[in-house]
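Structural characterization, general
Letter by letter, the chains look like this.
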Amino acid sequence: FRSLTTGEELSGRWVDGRREGQGIVQGQRLDKIGVHSILGEYQDGILSGKGKVIMKDQSVREGWFQQGYFHGPARGSSPSGVLNYIGHYKAGIPCGLVWTSVRGGGWIVGCVDNQGQFSGPDIAFFYPNFTTALFGEFKDGLLVKAKEARLSNIEIKDGLLCPRFELVS
């Protein structure tokens, strides 16, 4: 391990002062954003290619690093291996359409804001039956107001299932 003045601890192999091959980074700066550690392949000192982000709750996000950032399609699983996240990242932040499971078997699905949070209109809490939903407004992942809705259509957009809902009158 090598420790930085910022508090991060780095492990891996160094060649000419740069990390090469498999490496790990962890530290307080990552803890603050809910990340325990990052594992990936280093090329010329920069994370590149396939890698993993281990969250503080020990769930794992698998995806790709580009220019040192978690970037592109990602999937997540709980410590027991159950799927709990489907979406994309852009420069280390969830973006676009995201599916996140919640305790009890349901899912929150919708487009996240520029901070990677479920905030705004047209976000759904999808019940475990994948037919019924509460469709409406969320703020930082919490339901603000919603109406009962039913799944009316589903299509694939950017490699993700994109549900459409019809409000129940």
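Everything in this summary refers to the structure shown in the same document. (Residues numbered from 1 in each chain as written. Predicted model: local features only at pLDDT ≥ 70, side-chain atom pairs only at ≥ 80, totals over all residues. Heavy atoms only, no water.)

What follows concerns the pattern of salt bridges. Using the criterion set out here, one finds four salt bridges in the structure. With a shortest N-O distance of 3.7 Å, Arg-164 and Glu-155 are connected by a salt bridge. In this structure Arg-164 comes out as partly exposed when scored by relative accessible area, which is 33%. For Glu-155, a relative accessible area of 33% gives the class partly exposed. (Salt bridge = Lys/Arg side-chain N within 4 Å of Asp/Glu carboxyl O. Buried < 20%, exposed > 50% of the residue type's maximum accessible area, 1.4 Å probe, protein only.)

Right, let's get into the packing of aromatic side chains. Two descriptors summarise a pair of aromatic rings, namely the distance from one centre to the other and the angle between the planes of the rings. Enumeration according to the criterion identifies nine aromatic pairs in this entry. Pairing Trp-99 with Phe-126 gives two aromatic rings, centres 5.9 Å apart and planes at 40°, and the pair type is tilted. One end of the pair, Trp-99, is in strand E10 (residues 93–101); the other, Phe-126, is in strand E12 (residues 120–126), with 27 residues separating them in the sequence. Comparing Trp-99 with Phe-126, the two get one shared label, buried. (Phe/Tyr/Trp six-rings, centres within 6.5 Å; stacked < 30°, edge-to-face > 60°. Helix = DSSP H or I, 4+ residues; strand = E, 2+ residues; numbered from the N terminus.)

By size, the foremost hydrophobic cluster in this structure holds 21 residues, and its most contacted members are Ile-38, Val-53 and Phe-118. Elements represented by at least two residues in this core include exactly strand E4 (35–43), strand E5 (46–55), strand E9 (83–90) and E12. Those residues in contact with Ile-38 that lie beyond four places of it in its chain are Gly-23, Ile-24, Val-25, Leu-30, Leu-47, Lys-52, Val-53 and Phe-65. Membership of the second largest hydrophobic core comes to eleven residues, among which are Trp-107, Phe-126, Ala-149 and Cys-162. (Core = buried A, V, L, I, M, F, W, Y, C linked by side-chain atoms within 4.5 Å. Contact = heavy atoms within 4.5 Å.)

Next up on the list: the side chain of Ser-59. Here Ser-59 is to be found in the loop between E5 and strand E6 (60–66). Within polar-contact distance, the side chain of Ser-59 engages the side chain of Asp-57 at 2.6 Å. For Ser-59, the contacting residues outside a window of four places in its chain are Val-53, Ile-54, Ser-77, Ser-78, Pro-79 and Asn-84. (Polar contact = N/O pair within 3.5 Å; in protein donor to acceptor, adjacent residues only side chain to side chain.)

Right, let's get into the environment of Glu-8. Looking at the secondary structure, you find Glu-8 in the loop between strand E1 (2–3) and strand E2 (9–15). Expressed as a C-alpha distance, the spacing of Glu-8 and Gln-26, which sit 18 residues apart in the sequence, is 5.5 Å. Looking at Glu-8, its side chain comes within polar contact range of the side chain of Thr-6, at 2.2 Å.

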